[in-house]
Amino acid sequence: YVCLYSEGYAEWHEVDFGSAKKPCGWLENCGATSLPNGDIIFGEYTRMMVLYTSNLWRIKSSANITQASSWEIIKSFRVAENDTTEYDDTVIEHIHTVQVDPYTGTVYLGTGDKGLKSQMWYSTDGGDTWVRQEFVDPDTSQTVTSGEKLFRLLNYNFTEEYVYWSSDSYSQHAVLRCERNGINGFTPNSIRILTEIAPTTSQAATYGTVLYPQYKIMVLMERLDSSASSMLFR
């Protein structure tokens, strides 16, 4: 269902996809974004054994959002059938985040969860084409395109100089920083591990980060898969 500003958000419109593929939900407030030109992009937070693709959708600002024909799939990933690491890096579990860098206009996409399924992609043309992000791993000096410590995240924090994030992984938990390569993604050999966070029995990982640049503070909000523990405030 869609409600419109032009109608004072007073009326709901059901978007009828009929027999066509229709979108699955995104991850809370981080799996969707709007571009400076008004286009909307969001990624599907899928579950294995339920859906076998995880799609990235776009609705252009010039289109009628209440019409199913306005909702287009601009990228599609294969989804693994189980959570082993036997799959190659063409397979993910779900899309975590879609964000626009306010300083460059580059759109960033993050996927999860385990091992090779944690990846980053970026687009410099509003989602028409996507490039896979590479990093030079500070631990091994090897070029990598996947992995939980560097690539598994739920949101980025942008400043004029750097981009910051924290791992959505309790076993490879770290706070990271990277420079930009102009509009073309992040500079691969500039990624730095600022802080290593030791694994906890509660399996806490960063679910979101909030940056307060005026106070030079970044807050890490954790998630817990165990209901017996309390979340830490870092």
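You'll find the structure just up there.
All of the points below concern the structure found in this document. Going along each chain's sequence as written, the residues are numbered from 1 onward. Since the coordinates come from a predicted model, pLDDT governs what is reported: local features require at least 70, and pairs of side-chain atoms require 80 or more to be given and counted, while whole-chain, interface and lining totals use all residues. In computing side-chain properties, one takes all heavy atoms of the structure into account and sets aside hydrogens as well as water.

**Digging into the nonpolar core**
Counting 16 residues, the largest nonpolar core has Met120, Phe135, Tyr156, Trp165, Phe186 and Ile191 as its most contacted members. For helices the rule is a DSSP run of H or I covering at least 4 residues; for strands it is a run of E covering at least 2, with both sets numbered from the N terminus onward. If you list the elements that add at least two residues to this core, you get β10 (120–123), α1 (148–151), β15 (163–166) and β16 (173–178). The element best represented in this core is β16, accounting for three residues. Any two residues whose heavy atoms approach within 4.5 Å are treated as being in contact. Other than its neighbours up to four places away in sequence, Ile191 contacts Phe135, Val136, Pro138, Leu150, Trp165, Leu176, Arg177 and Cys178. In plain words, nonpolar cores are sets of buried Ala, Val, Leu, Ile, Met, Phe, Trp, Tyr and Cys residues tied together by side-chain atoms within 4.5 Å. When a residue's accessible area, from a 1.4 Å probe over protein chains only, is under 20% of the maximum for its type it is buried; when over 50% it is exposed; and in between it is partly exposed. Formed by 13 residues, the second largest nonpolar core is a distinct cluster that contains Leu56, Ile74, Val100 and Trp130.

**Remarks on the state of the cysteines**
Our working definition of a disulfide is a cysteine sulfur pair at a distance within 2.5 Å. Under the defined criterion, the tally for this structure stands at zero disulfides. The structure places no disulfide on Cys24, whose sulfur is separated from the nearest cysteine sulfur, that of Cys30, by 14 Å. Cys30 provides the cysteine sulfur closest to Cys178, a residue in no disulfide bond, and the two sulfurs are 20 Å apart. On the accessibility criterion, Cys178 (0% relative accessible area) is buried.

**A few points about the sheet that holds strand β14 (residues 157–158)**
Only strands joined by at least two bridges in the DSSP assignment are considered to pair. Pairing in this open sheet of four strands is antiparallel, and the strands run β14-β15-β16-β17 from one edge to the other. At either end of the open sheet lies a strand with only one pairing partner, and these are β14 and β17 (192–197). Bridge analysis of β15 against β16 gives four bridges, and the strand direction is antiparallel. Considered in β16, the bridge of Trp165 is made with Leu176.

**Comments concerning the packing of aromatic side chains**
Between 30 and 60 degrees the pair is tilted, below 30 it is stacked and above 60 it is edge-to-face, where a pair is any two Phe, Tyr or Trp rings, Trp via its six-membered ring, whose centres lie within 6.5 Å. Counting across every chain of the model gives 19 aromatic pairs. Between Tyr5 and Tyr9, the aromatic rings sit 6.0 Å apart at their centres with planes inclined by 65°, giving edge-to-face as the arrangement. Each of the two residues, Tyr5 as well as Tyr9, counts as exposed. When the centroid spacing of 5.1 Å and the interplanar angle of 45° are considered together, the rings of Phe135 and Phe151 count as tilted. Of this pair, Phe135 sits in strand β12 (residues 135–136) while Phe151 sits in helix α1; the two residues are 16 residues apart in sequence, bridging distant segments of the chain.

**A look at the sheet that holds strand β7 (residues 91–92)**
In spatial order, the strands read β3-β4-β5-β6-β7; together these five strands make up an open sheet with mixed pairing. Of all strands in the sheet, those with a lone pairing partner are β3 (32–34) and β7, marking the two edges. Bridge count for strand β5 (residues 53–59) against strand β6 (residues 71–79) is seven bridges, and the pairing is antiparallel. Bridge pairing links Arg58 to Glu72 in β6.

**Overview of a nonpolar patch on the surface**
A cluster of nonpolar side chains, Tyr212, Tyr215 and Ile217, forms an exposed patch at the surface whose accessible area comes to about 330 Å². Residue placement: Tyr215 occurs in the loop between β18 (205–212) and β19 (217–223). Relative accessible area serves as the criterion here: at 58%, Tyr215 is assigned to the exposed category. Patch construction takes residues with relative accessible area above 30% that form no salt bridge. Like charges are linked within 9 Å, and nonpolar side chains (Val, Leu, Ile, Met, Phe, Trp, Tyr) are linked within 5 Å. Only the protein chains shown count as cover for residues, and the accessible areas themselves come from Shrake-Rupley with a 1.4 Å probe. Each salt bridge in this description consists of a side-chain nitrogen of Lys or Arg and a carboxyl oxygen of Asp or Glu lying within 4 Å of one another.

**Structural notes on the pairing of β19**
Of all the seven residues making up β19, five are buried; the element is thus mostly covered by neighbouring parts of the structure. Here β18 runs beside β19; their pairing, made up of seven bridges, is antiparallel. Opposite Ala205, over in β19, you have Arg223 as the bridge partner. Once β18 ends, the chain turns through four residues before running back antiparallel as β19, passing Lys216 with a positive phi of about 55°.

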